[in-house]
Amino acid sequence: MQILVVTAAVIKHNGKILISQRNENTHQALKWEFPGGKLEPGESPEQCLFREIKEELGLSVIVEDIFDVVSHIYDNRQIILLCYLCKVAGGAARALDCRAFRWVEVDELARYDFAAADRVIVRKLQDCRLPS
Ligand SMILES: Nc1nc2c([nH]c(=O)n2[C@H]2C[C@H](O)[C@@H](COP(=O)(O)OP(=O)(O)OP(=O)(O)O)O2)c(=O)[nH]1
Ligand SMILES: [Mg+2]
């Protein structure tokens, strides 16, 4: 089985969290997620996340503390999802490499069809109510 290390960002801004919808014709197509992507050789997770958020949404972020580490097995791949709390450093979000994005309240997360690996993260966000 393929094992992938993937970074994901919980970006909090003005009390809302940024979520994005995966592109068509990708793994987990059209599912909602916390934006990010696969670690490339030589990168730190923080560098990876900064690069991915810039590529996918045009935002510069400050990567802060680790929020959760989730291991999830899809049919033919295992994902090690490193999920970090982030703040916006600059820019305005645009759907550069995702189908769509939304800024949502924690209470609204339950309305979205998240990738299965993210359900643990959604539950943790609902339980712990981070300060904005
Ligand atoms: N970024 C991210 N990936 C997630 C989440 N949940 C989840 O199951 N995944 C899975 C979907 C994919 O199998 C993998 C991440 O792949 P990706 O398509 O985002 O990787 P990437 O941005 O580097 O894209 P690419 O260059 O490979 O096209 O992790 C999540 O919340 N965020
Ligand atoms: Mg990605």
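Residues numbered from 1 in each chain as written. Chains lettered and ligands numbered in written order. Predicted model: local features only at pLDDT ≥ 70, side-chain atom pairs only at ≥ 80, totals over all residues. Heavy atoms only, no water.

An unreviewed UniProt entry lists the protein under the name 8-oxo-dGTP diphosphatase, with Desulfoscipio geothermicus DSM 3669 as the source organism. UniProt lists a comment for the protein under the heading Cofactor (unreviewed entry), and it reads "Mg(2+)". In its Catalytic activity (unreviewed entry) section, UniProt records this for the protein: "8-oxo-dGTP + H2O = 8-oxo-dGMP + diphosphate + H(+)". (UniProt positions renumbered as here; feature names shortened; annotations may be inferred.)

A. How the structure looks around the overall build of the protein. The secondary structure content of the protein amounts to two helices and seven strands. Mapped from its N terminus to its C terminus, the protein presents α and β elements in the order β-β-β-β-α-β-β-β-α. By the compact-globule yardstick of 14 Å for 132 residues, the protein fits well, its C-alpha radius of gyration being 14 Å. Overall, the protein is about 40 × 30 × 30 Å in size when its C-alpha atoms are taken along their principal axes. Split into buried and exposed, the 132 residues of the protein put 46% on the buried side. For the protein, contacts bridging at least 24 residues in sequence account for 66% of all contacts bridging at least 6. (Helix = DSSP H or I, 4+ residues; strand = E, 2+ residues; numbered from the N terminus. Rg over C-alpha atoms; globule rule 2.2 N^0.38 Å. Buried < 20%, exposed > 50% of the residue type's maximum accessible area, 1.4 Å probe, protein only. Contact = heavy atoms within 4.5 Å.)

B. Region of interest: the UniProt feature "binding site: Mg(2+)" (unreviewed entry) in the protein. Those places that UniProt annotates as "binding site: Mg(2+)" (unreviewed entry) correspond, in this numbering, to Gly36 and Glu56. For the annotated residues, spread through 21 residues, the largest C-alpha to C-alpha distance comes to 7.8 Å, consistent with a single compact locus. Secondary-structure assignment places Gly36 in strand S4 (residues 36–38). Given a relative accessible area of 8%, Gly36 falls into the buried group.

C. A look at the coordination of the magnesium ion (ligand 2). Protein-derived coordination of the magnesium ion (ligand 2) comes from Gly36 (O) and Glu56 (OE), at a distance range of 2.2 Å. Of this pair, Gly36 sits in strand S4 while Glu56 sits in helix H1 (residues 45–57); the two residues are 20 residues apart in sequence, bridging distant segments of the chain. For the pair shown, Gly36 and Glu56 are each scored as buried. (Donors = N, O, S within 2.8 Å, 3.2 Å for Na, K, Ca; no water.)

D. Region of interest: the site of ligand 1. Near ligand 1 lie 19 residues; those nearest to it are His27, Phe34, Lys38, Tyr74 and Asp118. Within the side chain of Arg22, a nitrogen or oxygen atom sits 2.9 Å from an oxygen atom of ligand 1. Alone, ligand 1 offers 620 Å² of accessible surface; in the complex the protein occludes 80% of this. For the shell around ligand 1, the secondary-structure elements that each account for two or more residues are strand S1 (2–13), S4, H1 and strand S6 (77–90). Looking at the shell around ligand 1, its residues break down into eight nonpolar, four polar and seven charged. (Near = heavy atom within 4 Å. Polar contact = N/O pair within 3.5 Å; in protein donor to acceptor, adjacent residues only side chain to side chain. Areas by Shrake-Rupley, 256 points an atom, 1.4 Å probe, with all protein chains shown as cover. Nonpolar A, V, L, I, M, F, W, Y, C, P; charged D, E, K, R; others polar.)

E. Spatial organisation of the pairing of strand S2 (residues 16–21). Burial runs high along S2: five of the six residues are buried. For S1 and S2, the ladder comprises two bridges, and the chain directions are antiparallel. Bridge pairing links His13 to Lys16 in S2. Counting the residues in the hairpin turn of S1 and S2 gives two residues, including Asn14, whose phi is positive at 50 degrees. Across five bridges, the pairing between S2 and strand S7 (residues 100–104) is antiparallel. What sits directly across from Gln21, in S7, is Ala100. Where S2 lies against strand S3 (residues 32–33), two bridges are found, and the strand directions are antiparallel. From the neighbouring strand, Ser20 faces S3, where its bridge partner is Glu33. (Pairing = 2+ DSSP bridges.)

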